[in-house]
Amino acid sequence: MKKFKVGLATSAMVLVASTITVVGPAAVDLTAASASPVAQAPLNLANEQGTLWSCSFNPFIPSSLPYSFGLTYESLDFVNALQSGKVTPWLASAYAWSNANKTLTFTIRSGVKWSDGVPFSAADVLYTFNLLKKYPALDLNSVWSVLSNVSASGNKVTMNFKSAAVPYLYYVGGQVPIVPQHLWSKIANPVTATISNPVGTGGYVMSKCSGQNIKWTANPHYWQKGKAQIKTVNMPAFLSNNTCNEYLASGQSAWGSQFIPNIQSAYVAKKAGNSYWFPPVANVSLFPNLTVPGLNDAKVRLAISYAINRSLVSKIGEYGYEPPASQTGIVSPTFKAWVSPAAAAGLSTTANTAKAAAILKADGYKLVNGVYTKGSTKLAFTLTTNGGYSDWIASMQVVSQQLTKFGIKITLQTPAQATFYSNLFAGKYQLAYNTEAGGPTPFYELRQMLFSKNSAPIGTAASSNWERYSNAATDALLNQYGTTTNLATQKAIVAKLEKVMVSQAPVIPVLEEVDWFQFNPTHIGNFPSAANPYAQPGLYNQPDWGYVLDNLVPKA
Amino acid sequence: MRFLVRRLGFLLIALWAALTVNFFIPRLMPGNPAEAILAQFHGRLNPSSLKAIEVALGIGGHQNLLSSYLEYLRNTVTGNFGVSTSYFPVPVTTVISRALPWSLGLVGISTVLGFLFGTALGAVAAWRRGGWLDNVLPPSFIVISAFPYFWVGLLSIWFFSLTLNWFPTLGGYTETATPTLTWGFVGDVLWHAVLPAFTILLTSIGGWILTMRNNMITVVAEDYVKMARAKGLRPRRILWQYAGRNALLPNLTGFAMSLGFVISGAILVEFVFNYPGVGFLLLQAVSAEDYPLMQALFLLITVAVLVAIFISDVATALLDPRTRSSR
């Protein structure tokens, strides 16, 4: 998302951007002020999406997602991926599992009002979940694939699941924005309706939207007293990364989520206070197609994993912003506590070609004309990566060189984005470089990678598990995780999954996907940081960005 | 009359051909709009949402190409362009109507200015053949016209907004301002339009200068111009009333065509300047595989160009009787 788009203008613009000395006059708000006695500068966000804003604020429609969930609409809980899924109560004051972890009961907070003054109640929660059941197009997280029924009585909402579903607390509690029944029940078709004046319980009210900018003002009646202190928030639409980076570097924006090449000179050095923090959240991995001869052999996949110098890939392909990943599949330092020492033993961020060669020799492969060969199987593959991301292409060029030099011949392909995804989903590739969505604990990403039901036959689009891995023992482990709320037991299960990753290498993590986050704390305090990672700081994370906005404090 | 009917028939056939190509070409692209939306989120969206998005957009399942083609033709005639998939659920007409004024204003005005200045300069250059204007303008504009739009745009941003700090670097107006009909806002819009308009003007004016100058040189050698000189008419009158008017005719068709293209905006200029116009919309529609938006935009451009050519044909026929009987 915050990638460096390849385009005609790109390299020329980098040159221009790196020679900036002074940048245009500061943004002037022609309409603001008056609301508060002490004038407080609006907070402008730098979030390049390559699109003008649609100005429809339906939180269940992906094309409008980043603009309402989190700051206008709120969910029952806030689940923090940077603190191993720590749950903070939001619209629900408490939750409890019962019935062998098949029933989840939320206690709905009282005293909360919608921004139009109507009181919020458990009926709104019930309405929202039934809405998702009635319109599968709105059920982005497929919560009704695991739910069997939802009911409300008094201030309690009870959800019954088809089977033990502990990890689904994240989806039902943390990923479903609650909408007002008194307004939404009047909408004829909520899938196609344009929601131009969103009414939510959140700290910010959308006050003005044009294709070029969205403006929010703090909700004066917000139920969380003392929060949402920034009075005005603007999010201009940026069509290209470079114009947005320039806006950010010049100090017109104090919070950005941008990929900035040479960040030290192009951003940090431009203005006092400019800072960045890139917390890793998921893996960017090689997905070997397990139906391809050669790649269906775990030994070959392990050899590939050992032959890659991940540190070098990170340094050359990503300016070091995305740290090297681990074959265990655990993203650190974010999920450091989940790393199994037994599984991680002997792994390194640099290459171990001697070990890789030993694995292949033991497997019967011999070097023939510089390529490892066994019988009619020659280790020569195509590697495909999204042609829209120049940093990924650079990373994969390094990987191709390393593997080809080692004796596994790689041909790099960089198709256009649509072709890339279409082929990846359908399994029409040999090696592909991509990332899974991840979640608040390492389990979510491992499940996306390894659960056989996420996959599909070759030719049919798979939602994840694109490598087509299927193993009954692994499936059983993944199902077992859902039955326990005990952290120690969960960690023991994840340790076994790590063992699967390092012994079979169904997926080969190369680098760690990070949250792009730049901030300037000169006038605004309490941004998330390594010391206080209270939410994901990237502006495209919902509902995290709204949660962060609620917690920011203006400095005098 | 027969001429008019023939031109009208040609217009309709060209329109139908364009409509058909417009329908089939985007569908040859791999992938679908739902995958494009998922791709936009770069893996941040739960993978299972692909199905939800497909249901919302009404894709997936097998659709008969022929029946959707007929439905498309019917919808086009009735002006029902559907809902944009990249700006879902906003209707295509709303999306376009937001962007169109920006492109019409920026590209329209700079095209007209380019034509007027270019034609005038070309005429004067040819009139004073061998003069300093004639020695300097055509060669330098041959060089400048060869520069790509975006490169000139980038250079002018670097020089005028980053070094001299005279103009803003991006946007149609100060991004946090609210569009209103006040002098302050209109001034803001104009201030933001200067650099992109200058870029378009600089790179397009050369073509007008060159063609006008070449037309003029031929016309100036005509007998009636000599006659006018012999009569002792004032040079200025000969330049504009006798030579200029006739030399202008071939340029009119070119001008009509570029007026038609105004509606497509200027893709690269709008991209470089972050200008919220149709050109950028087109770029985005193609990359997001937004078929409804793409189709409506291409249709708009095609119709505008065809109608502009038709009008210029008719105008030329009215102005110049010779073209009416020509085969």
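Just so it is clear, the structure is predicted and the values come from calculations on it, not from any experiment.

## Observations regarding the overall build of chain A
- Along chain A, the regular secondary structure elements total 16 helices and 23 strands.
- A globule of 556 residues ought to have a C-alpha radius of gyration of about 24 Å, and chain A, at 24 Å, matches this closely.
- Along the three orthogonal principal directions, the C-alpha set of chain A runs to about 75 × 65 × 40 Å.
- Looking at chain A residue by residue over its 556 residues, the buried ones come to 56%.
- Considering only contacts in chain A between residues 6 or more positions apart, those separated by 24 or more positions represent 70%.

## Considering the overall build of chain B
- Broken down by element type, chain B carries 14 helices and zero strands.
- What you see in chain B, going N to C, is helices and strands ordered as α-α-α-α-α-α-α-α-α-α-α-α-α-α.
- Among the 327 residues that make up chain B, the fraction classed as buried is 43%.
- Put simply, 72% of the contacts in chain B that link residues at least 6 apart link residues at least 24 apart.

## Digging into the confidence of the model for chain B
All names here are of chain B.
- Confidence in the prediction for chain B averages 80 pLDDT; 90% of positions are at 70 or higher.
- Averaged pLDDT values for the elements of chain B fall to 65 in helix 14 (residues 322-325) and rise to 87 in helix 5 (residues 92-127).
- Listed scores for the predicted complex are pTM 0.82 and ipTM 0.73.

## Describing the sheet that holds strand 6 (residues 147-153) of chain A
Residues and elements named next belong to chain A.
- The strand order across the open sheet built from four strands is 4-5-7-6, with neighbouring strands paired in antiparallel fashion. This sheet does not close on itself; its edge strands, each paired only once, are strand 4 (92-98) and strand 6. Within this sheet the neighbouring strands show an average axis-to-axis angle of 15°, counted without direction.
- Bridge count between strand 6 and strand 7 (residues 156-161): six bridges; the pairing is antiparallel. Residue pairing for strand 7: Ser151 is matched across the bridge by Thr158.

## Let's talk about helix 15 (residues 487-504) of chain A
Residue and element names in this part refer to chain A.
- The terminal C-alpha atoms of helix 15 lie 26 Å apart, and with 18 residues this matches the ideal 26 Å at 1.5 Å per residue to within 8%.
- Buried within helix 15 we find Gln490, Val494, Leu497, Glu498, Val500, Met501 and Val502.
- Residues of helix 15 that are buried sit in contact with helix 9 (341-344), helix 13 (442-450) and helix 14 (472-481).
- Residue Ala505 follows helix 15 closely and has a positive phi angle near 45°.

## A short note on the pairing of strand 9 (residues 213-218) of chain A
All names here are of chain A.
- Of all six residues that make up strand 9, five are buried, and the element is covered over most of its length.
- The sheet contact formed by strand 8 (residues 204-210) and strand 9 spans six bridges and is antiparallel. By the bridge assignment, Lys208 is partnered in strand 9 with Lys215.
- Here strand 8 hands over to strand 9 after two residues, the two strands then running antiparallel side by side.
- Relative to strand 10 (residues 232-236), strand 9 is paired through five bridges, and the arrangement is antiparallel. Directly across from Lys215, in strand 10, lies its bridge partner Asn234.

## Things to note about the sheet that holds strand 14 (residues 366-368) of chain A
All names here are of chain A.
- Strand order in the open sheet made by the three strands is 14-15-16, with antiparallel pairing throughout. Single-partner strands in this sheet number two, and they are strand 14 and strand 16 (377-378).
- Where strand 14 meets strand 15 (residues 371-374), three bridges bridge the pair, whose relative direction is antiparallel. Residue pairing across strands places Leu367 opposite Tyr372, the latter belonging to strand 15.

## A look at helix 10 (residues 235-262) of chain B
All names here are of chain B.
- Taking 1.5 Å of rise per residue, the 28 residues of helix 10 would be expected to cover 40 Å, yet its terminal C-alpha atoms sit only 35 Å apart, more than 12% below that figure.
- Within helix 10, burial applies to Ile238, Leu239, Ala243, Gly244, Ala247, Phe255, Leu259, Gly260 and Val262.
- On its buried face, helix 10 sits against helix 5, helix 8 (183-220), helix 9 (223-231) and helix 13 (291-319).

## Observations regarding the packing of helix 5 of chain B against helix 8 of chain B
- Interhelical geometry of helix 5 of chain B versus helix 8 of chain B gives an angle of 35° and a closest axis separation of 6 Å. The two elements helix 5 of chain B and helix 8 of chain B cross, and the hand of that crossing is right-handed.

## Observations concerning unusual backbone geometry
All names here are of chain A.
- Going from Ser332 to Pro333, the amide bond is cis rather than trans, its omega being 15°.
- Here Pro333 shows up in the loop between helix 8 (310-318) and helix 9.
- Note that the residue after Gln542, namely Pro543, is joined by a cis bond; omega there is 0°.
- Position of Pro543 among the secondary structure elements: in the loop between strand 22 (524-525) and helix 16 (544-551).
- Positioned with a positive phi, Asn262 is a non-glycine residue whose angle comes to about 50°.
- Note that Asn262 resides in the loop between strand 11 (255-256) and helix 6 (263-266).
- One non-glycine residue with positive phi stands out, namely Tyr319, at about 55°.

## Points about the environment of Ala456 of chain A
Residues and elements named next belong to chain A.
- Structurally, the position occupied by Ala456 is in the loop between helix 13 and helix 14.
- Since 16 C-beta atoms lie within 10 Å of it, Ala456 is described here as partly exposed.
- Between the alpha carbons of Ala456 and Glu467 there is a distance of 9.7 Å; along the sequence they are eleven residues apart.
- Setting aside residues up to four positions removed in sequence, Ala456 forms contacts with Ala461 and Ala462.

## Digging into the packing of helix 7 (residues 298-307) of chain A against helix 10 (residues 353-362) of chain A
Residues and elements named next belong to chain A.
- Helix 10 packs onto helix 7 with a crossing angle of 170° between their chain directions and a minimal axis gap of 8 Å. Taken together, the axes of helix 7 and helix 10 are roughly antiparallel relative to one another. Between helix 7 and helix 10 lies a crossing of left-handed hand. Packed against helix 7, whose contacting residues are Lys299, Leu302, Ala303, Tyr306 and Ala307, the element helix 10 presents Thr353, Lys355, Ala356, Ile359 and Leu360 at the interface.
- Partitioned by chemical class, the residues of the contact of helix 7 with helix 10 number seven nonpolar, one polar and two charged.

## So, the nonpolar core
- If you look at the biggest cluster of nonpolar residues, it comprises 233 residues, and the most contacted ones within it are Ala303, Ala307, Val510 and Leu549 of chain A together with Met216, Leu281 and Leu297 of chain B.
- At 13 residues, the largest contribution of residues to this core is made by helix 5 of chain B.

## Focus: the environment of Phe519 of chain A
All names here are of chain A.
- With respect to the helices, strands and loops of the structure, Phe519 is situated in strand 21 (residues 518-519).
- Residues Phe519 and Trp223 lie 296 residues apart in sequence; the distance between their C-alpha atoms is 27 Å.
- In this structure, Phe519 is in contact with Ala254, Trp255, Ser275 and Phe527, ignoring residues within four places of it in sequence.

## Quick word on the environment of Leu76 of chain A
- Among the secondary structure elements, Leu76 of chain A is positioned in the loop between strand 1 (43-46) and strand 2 (77-80).
- Residues within four places of Leu76 of chain A in sequence aside, it is in contact with Trp90, Leu91, Ala92, Phe106, Val125, Gly173 and Ile178 of chain A.

The rules behind each value
Residues numbered from 1 in each chain as written. Chains lettered and ligands numbered in written order. Predicted model: local features only at pLDDT ≥ 70, side-chain atom pairs only at ≥ 80, totals over all residues. Helix = DSSP H or I, 4+ residues; strand = E, 2+ residues; numbered from the N terminus. Rg over C-alpha atoms; globule rule 2.2 N^0.38 Å. Buried ≥ 20, exposed ≤ 12 C-beta atoms within 10 Å, placed from the backbone. Contact = placed C-beta atoms within 7 Å. pLDDT = per-residue confidence, 0-100. Pairing = 2+ DSSP bridges. Axes fitted to C-alpha atoms, helices over the stretch in contact; angles between N-to-C directions. Expected span 1.5 Å × (residues − 1). Left-handed = near helix turned anticlockwise from the far one by under 90°. Parallel < 35°, antiparallel > 145°, perpendicular 65-115°, else oblique. Nonpolar A, V, L, I, M, F, W, Y, C, P; charged D, E, K, R; others polar. Core = buried A, V, L, I, M, F, W, Y, C linked by C-beta atoms within 7 Å.

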